[in-house]
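So the chains spell out like this:
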Amino acid sequence: MRGLTLGWASDSVPRMPGSTSARIEARLRRLFARPAAAASPIDQAMNLPLPPNRLRAGGVHFRADRDFLASAVAEADRVVRDARSTRPFSLLDIGCGAGRLAYGLLACGSPIARYEGIDVMPETIAWCKATISGRYPTFRFATIDVYNERYNPDSSRQAAGTSLPFEDGSFDVIYAYSVFSHMLTDDVRAYLGEVTRVMASDGVAIVTAFVEDGVPDEAVNPPGYQGLEWRGALHCVRFSREHFEAMAGAAGLQLTGFEHGGETDGQSRILFGRAVSSG
Ligand SMILES: C[S@@+](CC[C@H](N)C(=O)[O-])C[C@H]1O[C@@H](n2cnc3c(N)ncnc32)[C@H](O)[C@@H]1O
């Protein structure tokens, strides 16, 4: 494997054998090095064209193909771990963008019984449908027309009062990466209600958001937060942890995991299950 340079940001950092980064790197090395004849889910996923840069969300972080793929594989790994499922599971990817998680799940041969990706941007959904669903019909994508000042400013349909187009209790895993980081309180509240509705009784919701202690309940583009300059509509919506958890609690969710600040631009990764009703 010497001479094969993946060239990601942390190349100079030694990795602990067995660590997550070592496992991801090993997987990527296999992915890049495997001869074409040895068809596997990984090779098949690699033969999928990657989304053009203009459709990739996440700023500079996922622009390079290997960064996009490395993050996709890392995400899929974590999602499968957190699903804690002994059988193939169903997953709803809210704000799926250009299908980053779907690529990772396919690259890992993850045990997916049903994948549904929804997003407000018709162009990314059209691309995912044509490219991913065309080959993997288990992976389905749909546009949802909901107003978002940043991503769908021409819509007249608000999140509040919108039902996601899925049956009650139909997903084992609900995933929303870097979506609530671009939504205001009322919209997040409405979506968390829908998350609870469509989540299976023993399901898990995995979301990321800008969440901090000791800050105002909601701040849009807080100056200098994370050492970054936030520009444009809803570039960064930051919540106080208390406010975010209260919204989730009111929606019927119970916090089961919280990892502070380790995600894109300093977002936190937050896990919820259904709250056990006291009655
Ligand atoms: C920063 S991107 C993240 C994309 C993807 N989750 C990823 O991690 O690569 C945010 C995505 O959320 C979508 N989005 C914003 N508001 C939404 C809403 N109300 N419903 C569904 N998707 C939404 C945007 O269109 C965009 O694709």
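Treat the numbers as computed from the prediction; the structure is a model and nothing was measured.

### Details of the overall build of the protein
Here is step 1 of the chain: Counting its secondary structure elements, the protein contains seven helices and nine strands.
Here is step 2 of the chain: Taken over 279 residues, the protein has a buried fraction of 38%.
Here is step 3 of the chain: Within the protein, counting contacts between residues at least 6 apart in sequence, those at least 24 apart form 69% of the total.

### Topic: the site of the ligand
Here is step 1 of the chain: Surveying the vicinity of the ligand reveals 22 residues, the closest of which are A57, G95, G97, R100 and Y151.
Here is step 2 of the chain: Residues of the shell around the ligand, tallied by class, amount to 13 nonpolar, seven polar and two charged.

### Some words on unusual backbone geometry
Here is step 1 of the chain: Although it is not a glycine, N221 sits at a positive phi angle of roughly 50°.
Here is step 2 of the chain: When you line up the elements, N221 lands in the loop between β6 (218-220) and β7 (237-240).
Here is step 3 of the chain: The class of N221 is partly exposed, set by 16 C-beta atoms lying within 10 Å.
Here is step 4 of the chain: Phi at Q226 takes a positive value of approximately 60°, unusual for a residue other than glycine.

### Here's the deal with the environment of A126
Here is step 1 of the chain: Along the polypeptide, A126 turns up in helix α5 (residues 122-133).
Here is step 2 of the chain: When the 13 C-beta atoms within 10 Å are taken as the criterion, A126 is described as partly exposed.
Here is step 3 of the chain: Separated by 28 residues in the primary sequence, A126 and A98 place their C-alpha atoms 9.4 Å from one another.

### Topic: the nonpolar core
Here is step 1 of the chain: Among the nonpolar cores identified, the biggest contains 70 residues, and L101, A102, V173, I174, Y175, V195 and A205 are the most heavily contacted of them.
Here is step 2 of the chain: Residues in contact with L101, not counting those within four places in the same chain, are A72, E75, A76, V79, D93, C96, Y175 and Y177.

### Points about helix α3 (residues 65-83)
Here is step 1 of the chain: Counted at 1.5 Å a residue, the expected span for α3 with its 19 residues is 27 Å, and the 27 Å between its end C-alpha atoms agrees.
Here is step 2 of the chain: Those residues of α3 lying buried are F68, L69, A70, S71, A72, V73, E75, A76, V79 and A83.

### Details of the packing of α3 against helix α4 (residues 100-107)
Here is step 1 of the chain: Packing of α3 against α4 brings their axes to within 7 Å, and their N-to-C directions diverge by 75°. Looking at the two axes, α3 sits roughly perpendicular to α4. For the pair α3 and α4, contact is made by F68, L69, S71, A72, V73, E75, A76 and V79 and by R100, L101, Y103, G104, L105 and A107, respectively.
Here is step 2 of the chain: Residue classes in the contact of α3 with α4 are distributed as 10 nonpolar, two polar and two charged.

### So, helix α6 (residues 185-198)
Here is step 1 of the chain: Between its first and last C-alpha, α6 extends 20 Å over 14 residues, near the 20 Å set by a 1.5 Å rise per residue.
Here is step 2 of the chain: Taken together, the buried positions of α6 are occupied by D187, V188, A190, Y191, L192, G193, V195, T196 and V198.
Here is step 3 of the chain: Structurally, α6 contributes buried residues whose contacts are with β1 (89-94), β4 (171-176), β5 (199-212), α7 (241-250), β8 (253-259) and β9 (268-274).

### Looking at the pairing of β1
Here is step 1 of the chain: Among the six residues of β1, six are classified as buried, and the element is accordingly described as predominantly covered.
Here is step 2 of the chain: Neither face of β1 is left uncovered, since the one carrying F89, L91 and D93 and the one carrying S90, L92 and I94 both have all their residues buried.
Here is step 3 of the chain: Inspection of the sheet shows β1 paired to strand β2 (residues 112-119) by six bridges, in the parallel sense. Residue pairing across strands places S90 opposite R114, the latter belonging to β2.
Here is step 4 of the chain: Since β1 and β2 lie parallel, the crossover through α4 that links them has a hand, and here it is right-handed.
Here is step 5 of the chain: Sheet topology note: the β1/β4 ladder contains three bridges and is parallel. Paired with D93 across the bridge in β4 is Y175.

### Some details on the environment of K129
Here is step 1 of the chain: With respect to the element layout, K129 can be found in helix α5.
Here is step 2 of the chain: Through-space distance from the C-alpha of K129 to that of R140 is 6.8 Å; in sequence the pair is 11 residues apart.

### Re the pairing of β9
Here is step 1 of the chain: Pairing between β5 and β9: five bridges, direction antiparallel. Across the sheet, residue A209 finds its bridge partner in β9, namely S268.
Here is step 2 of the chain: Note that β8 and β9 share six bridges and pair antiparallel. Paired with E259 across the bridge in β9 is R269.

### With respect to the confidence of the model for the protein
Here is step 1 of the chain: When pLDDT is averaged across the protein, the result is 87; 82% of the residues are at 70 or more.
Here is step 2 of the chain: Ignoring residues within four places in sequence, the model shows residues 1-15, a span with pLDDT below 50, making 17 contacts including any to other chains.
Here is step 3 of the chain: Segment residues 32-42 is flagged for pLDDT under 50; beyond a separation of four residues in sequence, or across chains, it makes 14 contacts in the model.

### Quick notes on the environment of S155
Here is step 1 of the chain: Position of S155 relative to the elements: it lies in the loop between β3 (139-143) and β4.
Here is step 2 of the chain: Taking the C-beta count within 10 Å as the criterion, S155 has 15 such neighbours and is therefore assigned partly exposed.
Here is step 3 of the chain: Between the C-alpha atom of S155 and that of D145, which follows or precedes it by 10 residues, the distance is 6.6 Å.
Here is step 4 of the chain: Beyond its immediate sequence surroundings of up to four residues, S155 is in contact with D145, V146 and Y147.

Reading guide: rules and limits
What you see as residue numbers is a count from 1 along each chain, following the sequence as written. In view of the model being predicted, local features appear only for residues whose pLDDT reaches at least 70, and side-chain atom pairs are presented and counted only at 80 or more, with totals across whole chains, interfaces and linings using the full set of residues. Helix and strand definitions here come from DSSP, where helices need a minimum of 4 consecutive H or I residues and strands a minimum of 2 consecutive E residues; each element is numbered from the N-terminal end. The exposure scheme places C-beta atoms from the backbone and then counts, for each residue, the other C-beta atoms within 10 Å of its own, assigning buried at 20 or more, exposed at 12 or fewer, and partly exposed in between. Contact between two residues is assigned when their C-beta atoms, built from the backbone, lie within 7 Å. As used in this record, a residue near a molecule or strand is one whose C-beta atom, placed from the backbone, is within 6 Å of it. Residues are grouped as follows: Ala, Val, Leu, Ile, Met, Phe, Trp, Tyr, Cys and Pro are nonpolar; Asp, Glu, Lys and Arg are charged; every other residue, Gly included, is polar. Think of a nonpolar core as buried Ala, Val, Leu, Ile, Met, Phe, Trp, Tyr and Cys residues chained together by C-beta atoms that fall within 7 Å. To estimate how far a helix should extend, the number of its residues minus one is multiplied by 1.5 Å. The convention used is that axes are lines fitted to C-alpha atoms, helices contributing only their stretch in contact, and that angles between N-to-C directions extend from 0 to 180 degrees. Every angle not falling under 35 degrees, over 145, or within 65 to 115 is termed oblique; those three ranges are roughly parallel, roughly antiparallel and roughly perpendicular. Only strands that DSSP links by at least two bridges are regarded as paired with each other. Assignment of crossover handedness uses the view with strands pointing away from the viewer, where a clockwise path from the first strand over the helix to the second indicates a right-handed crossover. pLDDT measures the predictor's confidence residue by residue and takes values from 0 up to 100.

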